[in-house]
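# Descriptive analysis of the structure
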Amino acid sequence: MDLILENLAAIDDRLSQRHIELDPYGYFIIYLDRAEGLIYAKHFTNVIDDRGLAVDPETGKVIPAKGKVERTHTTVFSGRTAKELCVRIFEETQPCPVGQLDHAAYLGREFVRAEVALVAGQEYIQD
C-alpha cells in the first residue's frame, strides 16, 4: 500500500471505529490555550458499569461520548510540548491517573496532534 495521505487517513479512520475498553482510572479532555502556548489535559474519574459504559461516580448516569457534560475534573495537567505533558502525567504523578497501556498510547498520540496544532496555528479537535 502506498503511504499517501489518503491511505494513512483511511487507516486511522478505520482504526478509530474499533471497540476499546474504557480505562477505569478515568478519561481526559484535551484542549489548547494559544495565548499561554500550552496544551491542557483535564482528568476526570469514572466508573465502568457491567455493560462497559462509563458512568459518573456521583450520579451513576452514563457519560455520553459526545456533547457537553457538566462534571468536575480531578486534576488539570499542562505542558508546552507533548513530551512535557507525558512526563507530568506518567512519571511525576503518583498514582498515575492512567491504568491501561492503550489509553497511554492514545494520549501520547493526541498530545502530539495537539502540539502540532498549537505550533502550526491549526484547530485541534480531540479524536
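Residues numbered from 1 in each chain as written. Predicted model: local features only at pLDDT ≥ 70, side-chain atom pairs only at ≥ 80, totals over all residues. Heavy atoms only, no water.

### Brief notes about the pattern of salt bridges
Short version of the rule: In the sections that follow, a salt bridge refers to a side-chain nitrogen of Lys or Arg positioned within 4 Å of a carboxyl oxygen of Asp or Glu. To qualify as a helix, a DSSP run of H or I must reach at least 4 residues; to qualify as a strand, a run of E must reach at least 2; elements of each kind are numbered from the N terminus.
In the structure shown here, the tally under the stated rule is five salt bridges. For arginine 71, the salt bridge is made with aspartate 56, and the minimal N-O distance between the two is 3.0 Å. Taken together, the positions of arginine 71 in the loop between strand 4 (54-55) and strand 5 (75-79) and aspartate 56 in the loop between strand 4 and strand 5 put the pair 15 residues apart, joining distant regions of the chain. Close ionic contact of glutamate 84 with arginine 80 constitutes a salt bridge, the shortest N to O distance being 2.6 Å. When salt bridges that share partners are traced, they join Arg80, Glu84 and Arg88 into one network.

### With respect to the environment of glycine 52
Definition in use: For every residue, the accessible area obtained with a 1.4 Å probe (protein chains only) is divided by the maximum for its type, and the residue is called buried under 20%, exposed over 50%, and partly exposed between those limits.
Inspection of the secondary structure assignment puts glycine 52 in the loop between strand 3 (47-48) and strand 4. Owing to a relative accessible area of 33%, glycine 52 belongs among the partly exposed residues under this scheme. Residues glycine 52 and leucine 22 lie 30 residues apart in sequence; the distance between their C-alpha atoms is 7.3 Å.

### Quick look at the pairing of strand 2 (residues 38-44)
As a reminder of what qualifies: When DSSP finds at least two bridges between two strands, those strands are taken to pair.
The element strand 2 is extensively covered by neighbouring structure, given that six of its seven residues are classed as buried. Bridge analysis of strand 1 (residues 27-33) against strand 2 gives seven bridges, and the strand direction is antiparallel. Looking at strand 2, one finds that tyrosine 31 is bridged to tyrosine 40. Two elements, strand 2 and strand 5, share five bridges in a ladder whose sense is antiparallel.

### Regarding the packing of aromatic side chains
How we decide: Working definition: rings of Phe, Tyr and Trp (its six-membered ring) pair if their centres are within 6.5 Å, and the pair is stacked with planes under 30 degrees apart, edge-to-face with planes over 60 apart, and tilted otherwise.
Going through the model one piece at a time under the given rule, you end up with three aromatic pairs. For the ring pair tyrosine 27 and phenylalanine 44, a centre distance of 5.1 Å and an interplane angle of 10° mean the geometry is stacked. Of this pair, tyrosine 27 sits in strand 1 while phenylalanine 44 sits in strand 2, and the two are 17 residues apart along the sequence. Both residues of the pair, tyrosine 27 and phenylalanine 44, belong to the buried class.

### Observations regarding helix 2 (residues 82-91)
Here is the rule we go by: When we speak of the arc, we mean the arc of directions from the helix axis to the C-beta atoms. Contacts: residue pairs with any heavy atoms within 4.5 Å of one another.
Those residues of helix 2 that fall on the buried side of the exposure criterion are Ala82, Glu84, Leu85 and Ile89. Down the axis of helix 2, the sector holding all buried residues measures 170°, keeping them to one side. Along helix 2, exposed side chains directed more than 90 degrees from the buried face belong to Lys83 and Glu91. Elements in contact with the buried residues of helix 2: strand 1, strand 2, strand 5 and helix 3 (101-120).

### Points about the sheet that holds strand 2
Put simply, the rule is: Every axis corresponds to a line fitted to the C-alpha atoms, with the helix fit spanning only the stretch in contact, and the corresponding angles, defined between N-to-C directions, vary from 0 to 180 degrees.
The sheet built from three strands is open, its strands ordered 1-2-5 with antiparallel pairing. Two strands lie at the open edges of the sheet, namely strand 1 and strand 5, each paired on one side alone. Within the sheet, the average angular offset between the axes of one strand and its neighbour, ignoring direction, is 20°. Strand contacts of helix 2: strand 1, strand 2 and strand 5, with the helix running at about 145° to strand 5, the strand carrying the most contacts. Sheet strands in contact with helix 3 are strand 1 and strand 2, and its direction is about 10° off that of strand 1.

### Concerning the layout of surface pockets
If a probe as big as a water molecule is rolled over the atoms, it shows which places are left empty. To keep things clear, this is the line we draw: Think of a 1 Å grid over just the protein atoms. A cavity is a set of points where a 1.4 Å probe fits yet cannot get out, a pocket is an open set with protein on both sides within 12 Å along at least five of seven lines, and lining residues have an atom within 4 Å of a point. Grid points are joined across faces, edges and corners, and a volume is the space filled by probe spheres set on the points. Lys, Arg, Asp and Glu make up the charged group, whereas Ala, Val, Leu, Ile, Met, Phe, Trp, Tyr, Cys and Pro make up the nonpolar group; the residues left over, Gly among them, are polar.
Looking at the largest pocket, its volume works out to about 1900 Å³. Lining the largest pocket are 39 residues, and of these Phe28, Ala65, Tyr106, Gln126 and Asp127 lie nearest its centre. Put simply, the parts of the chain that give the lining of the largest pocket at least two residues each are helix 1 (5-16), strand 1, strand 2 and helix 3. When residues of the lining of the largest pocket are assigned to their parent elements, the largest contribution, six residues, is made by helix 3. When grouped by side-chain class, the residues that make up the lining of the largest pocket number 17 nonpolar, nine polar and 13 charged. Lining the second largest pocket are Thr45, Asp56, Pro57, Glu58, Thr59, Lys61, Val62, Ile63, Val69, Glu70, Arg71 and Thr72.

Honestly, that's just the spatial picture; any functional story needs more than this.
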